Amino acid sequence: MILNYNAIMKKLLITLFILTLSFAAIQNSTEASLISNRSYRAEQRQLNRQNIKDIKNLFEIHTKYANEHDLKGLRTLYADNYMNSDGFDKNAYFKSIESTWKDCNDLTYKTKILSININGDYASVNVEETASGTVFESIDSLPIAGEIHSKSQGIYHLTKINSKWYISAETAITDESSLLYGDARFMNIEIQAPSQVSSGDEYTATVKVDADKNTFIIGAIDRDPVTYPASVPKSELRAMNKDQILERVLRANSDNINEYAVASLAISKVEHGKDTNSYKIYMSGLACVMKRINVIPKNNFIKIEE
């Protein structure tokens, strides 16, 4: 059989032409896809930068309103369906803020953003917050001044509604607060307790005070569930040992409510007279220190088969 050279060359050229067109189409499609992906990523980076800028601006305004004690302005930054990890909705939360500002009208706040995580129209902002202020009380008709100090860490959960970010929830991680009067303002008082316990489980709370040997302290440790209005824990006072340490074993509530370990201290000084056998004791300070404990509900739907 004699080969038709011309016919074969025609078929080969046509095949090469078709392959060339196909390769060019694939290449163009790939290049278009890469350009599209680069454009999309650039848009997302720009959007992410703008979101971060808007969120930082939100917290600047939040701190401004808080330091001005502008309750009305502060409310505008929160979504109507706001709920925090203690179960407080927007109304209950702002009622608690209002009562706090009535008791301490010079309370000031600082907020440090640790991280921002954005997922579409939702974001979580990890923050560290501090607050301080003064309170005035009367004991036996004598006016005394006290100091409030608080340091906490938590997560604000944000939702974007109509291109604007709102605070829709909060998760409290840690919180330590103190109310100090008199000499207690100049002492190192530390409360130790776990940050998290299971509902109904026991835990130990310990208070340590850095005081001189002429200081006599009596105190009590109790737990206080997070409710509104707040309750006042009542416990019997006990004398601290010579190491100025007070300890108590507590049982977390079984109502699935977060709580605080609260220590109340009455500080007295011993003053010796000229006669070595004479001395007088007088109260020199009061302190209330507390640490947040997140109570984890029991999960009755976990079953492990043997």
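Everything here concerns the structure above.
The structure displayed is predicted, hence computed values, not measured ones. (Residues numbered from 1 in each chain as written. Predicted model: local features only at pLDDT ≥ 70, side-chain atom pairs only at ≥ 80, totals over all residues. Heavy atoms only, no water.)

Topic: the environment of His 272
We count it as follows: Numbering of helices and strands starts at the N terminus; helices are DSSP runs of H or I of at least 4 residues and strands are runs of E of at least 2.
Considering the arrangement of structural elements, one finds His 272 in strand 12 (residues 259-272). Sequence separation of His 272 and Asn 214 is 58 residues, and the distance between their C-alpha atoms is 9.2 Å.

Section: the pattern of salt bridges
The condition is simple: Salt bridge criterion: a side-chain nitrogen from Lys or Arg within 4 Å of a carboxyl oxygen from Asp or Glu. Throughout this description, buried means an accessible area under 20% of the type-specific maximum (1.4 Å probe, protein chains only), exposed means over 50%, and partly exposed covers the range between.
Per the stated rule, a full pass over the model turns up 9 salt bridges. Put simply, Arg 292 and Asp 86 hold a salt bridge, and the shortest N to O gap is 2.7 Å. One end of the pair, Arg 292, is in strand 13 (residues 279-296); the other, Asp 86, is in the loop between strand 1 (78-84) and helix 3 (90-103), with 206 residues separating them in the sequence. The class for Arg 292 is buried, based on a relative accessible area of 3%. By relative accessible area, which is 21% here, Asp 86 ends up partly exposed. Across the salt bridge formed by Lys 291 and Glu 176, the nearest N and O atoms sit 3.4 Å from each other. Of this pair, Lys 291 sits in strand 13 while Glu 176 sits in strand 5 (residues 164-182); the two residues are 115 residues apart in sequence, bridging distant segments of the chain.

Digging into the sheet that holds strand 8 (residues 202-210)
This is how the line gets drawn: Only strands joined by at least two bridges in the DSSP assignment are considered to pair. Note on definitions: angles span 0 to 180 degrees between N-to-C directions of axes, and those axes are lines fitted to C-alpha atoms, for helices only across the stretch in contact.
Strand order in the open sheet made by the 3 strands is 6-8-11, with antiparallel pairing throughout. Looking along the sheet, the strands with just one partner apiece sit at the ends: strand 6 (188-192) and strand 11 (245-251). Each strand axis lies, on average, 15° off the axis of its neighbour in the sheet, ignoring direction. Inspection of the sheet shows strand 6 paired to strand 8 by 5 bridges, in the antiparallel sense. Across the sheet, residue Asn 188 finds its bridge partner in strand 8, namely Asp 210.

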